[in-house]
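The residues making up each chain are set out below.
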Amino acid sequence: MLSKIQKIDCHTHIFTEEIRREYFSRTEGLALVMQMPESIMANPDCVATVMSDPRLFLCPCIDLKRPIPPQLAALEPHLDEYKAVGLKIYLSYQAGTAADPPLDPVYQFAGRRRLSVTFHTGLCSLVLPSDNDLEGSSARHIALAAERYPEVNFILAHMDDPYFEQCVDIVAQHDNLFTDVSGAYETGTKEGNDVQGAIDLFCQAVHSRAGMERKILYGTDFCPPIQLGQLDEYDETIRQMFRPEDFDLVYRQNCLRAFPRLADFLAQ
């Protein structure tokens, strides 16, 4: 059944031609690419890589260490050209919370342009520089932003690792919140060393609230240069976490609801 479902990977870092070739040599479907601030990792070819492939779509980053309004102004004329479907904010890596007033222009911009906002939440990569502001990325703060901006969809990437059940509880209570377990199996992490143990934890969290089959997105965080080259592990996670009749929701339909602008590009 999985082979008949078109996958939409909601979270990758396919920012070079080499990464793009490797990804599509191992899987099919569509993928959203999360641009990174240069202070976290240089990825100057990110936009060009997305534009080169009709299967890729962009979530430009908002760098919390730079003034925000100029970033939005520079981005606005290029949203269609870049195939932008959302924005990415690197909480934890960069100190701040989703409820901070300086982020209001981001949400207002997203609301006007039908863009979704993905946040890094929880623990950070083992190999990237970080402010390690875990409290700042808490799902509690994102819920406050979601309540103030109900017209904007917010995606809590990585299920606020390690606060999985608390994250699920908050996501379940807000129509405009979604989450995923992308990046869970990074080489060298506890989860990467014990995939079945991690799946058991994710299943326990997801099944703590009803209806999560409509709130979980398929995402991998694919980026081999930073030890995130796993793909099969996410298929196995979904196989164990959901019923076969829910696979299309998790692999495809939820992403289309979470990122409404994506449908505009797919219709072209």
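### Focus: the packing of helix H9 (residues 232–241) against helix H10 (residues 247–258)
Next, step 1: It is at 9 Å that the axes of H9 and H10 come closest, and there the two elements cross at 130 degrees. Taken together, the axis directions place H9 and H10 in an arrangement best described as oblique. In this structure, H9 contributes Asp 235, Ile 238 and Arg 239 to the contact, and H10 contributes Phe 247, Val 250 and Tyr 251.
Next, step 2: Of the residues assigned to the contact of H9 with H10, the class counts are four nonpolar, no polar and two charged.

### Focus: the pattern of salt bridges
Next, step 1: Tallied over the entire structure, the rule returns 17 salt bridges.
Next, step 2: Of the charged contacts in the structure, one is a salt bridge between Glu 17 and Arg 20, with a shortest N-O distance of 2.7 Å. Of this pair, Glu 17 and Arg 20 both sit in helix H1 (residues 17–26), three residues apart, which is roughly one turn of that helix.
Next, step 3: Using a relative accessible area of 15% as the deciding quantity, one classes Arg 20 as buried.
Next, step 4: Residues Asp 80 and Arg 261 are paired through a salt bridge, measuring 2.6 Å at the closest nitrogen-oxygen approach. Here Arg 261 lies in helix H11 (residues 260–266) and Asp 80 lies in the loop between helix H3 (68–75) and strand E5 (86–89), a separation of 181 residues in the sequence.
Next, step 5: Members of the salt-bridge network, linked through shared partners, are Glu 17, Arg 20, Arg 21, Asp 53 and Arg 55.

### As for the sheet that holds strand E8 (residues 177–179)
Next, step 1: With respect to topology, five strands assemble into an open sheet ordered E4-E5-E6-E7-E8, the strand pairing being parallel. The open sheet has two free edges, formed respectively by strand E4 (61–62) and E8, since each of these has just one partner strand.
Next, step 2: Inspection of the sheet shows strand E7 (residues 154–157) paired to E8 by three bridges, in the parallel sense. Looking at E8, one finds that Ile 155 is bridged to Phe 178.
Next, step 3: Across the face of the sheet, helix H5 (residues 139–148) comes into contact with strand E6 (116–120), E7 and E8 while running at roughly 170 degrees to E7.

### As for the layout of surface pockets
Next, step 1: Here the largest pocket defines a volume of roughly 370 Å³.
Next, step 2: Lining the largest pocket we find 26 residues, and of these Leu 123, Cys 124, Ser 125, Gly 183 and Glu 186 sit closest to its centre.
Next, step 3: Among the residues making up the lining of the largest pocket, the classes are represented as 13 nonpolar, eight polar and five charged.
Next, step 4: Taken as a whole, the second largest pocket spans an internal volume of roughly 300 Å³.
Next, step 5: Of all the elements in the fold, those that place two or more residues in the lining of the second largest pocket are E4 and H3.
Next, step 6: The greatest single-element share of the lining of the second largest pocket, amounting to four residues, is contributed by H3.
Next, step 7: Among the residues making up the lining of the second largest pocket, the classes are represented as ten nonpolar, three polar and three charged.

Rules of the game
- Throughout this description, residue numbers start from 1 for each chain and increase along the sequence as written.
- Reporting in this predicted model follows two pLDDT cut-offs: at least 70 for local features of residues, and 80 or more for side-chain atom pairs to be given and counted; totals over whole chains, interfaces and linings ignore these cut-offs and use all residues.
- The side-chain figures draw on all heavy atoms in the structure; neither hydrogens nor water molecules are used.
- For helices, the axis comes from a line fit to the C-alpha atoms of the stretch in contact; other axes are also lines fit to C-alpha atoms, and the angle between any two N-to-C directions lies between 0 and 180 degrees.
- Secondary structure elements are defined from DSSP: runs of H or I of at least 4 residues count as helices, runs of E of at least 2 residues count as strands, and each element is numbered from the N terminus.
- Any angle between 65 and 115 degrees counts as roughly perpendicular, while under 35 counts as roughly parallel, over 145 as roughly antiparallel, and the rest as oblique.
- Throughout, a contact is declared for two residues whenever any of their heavy atoms are within 4.5 Å.
- Residue polarity is assigned by list, with Asp, Glu, Lys and Arg as charged and Ala, Val, Leu, Ile, Met, Phe, Trp, Tyr, Cys and Pro as nonpolar; anything else, Gly included, falls into the polar class.
- A side-chain nitrogen of Lys or Arg and a carboxyl oxygen of Asp or Glu constitute a salt bridge if their distance falls within 4 Å.
- A 1.4 Å probe rolled over the protein chains alone gives each residue an accessible area, and that area as a share of the maximum for its type sets the label: buried under 20%, exposed over 50%, partly exposed in between.
- Pairing between two strands is assigned when DSSP locates at least 2 bridges connecting them.
- Space inside and on the surface of the protein is sampled on a 1 Å grid over the protein atoms alone, with a cavity defined as a set of points where a 1.4 Å probe fits but cannot get out and a pocket as an open set with protein on both sides within 12 Å along at least 5 of 7 lines; lining residues have an atom within 4 Å of a point.
- Grid points are joined across faces, edges and corners, and a volume is the space filled by probe spheres set on the points.

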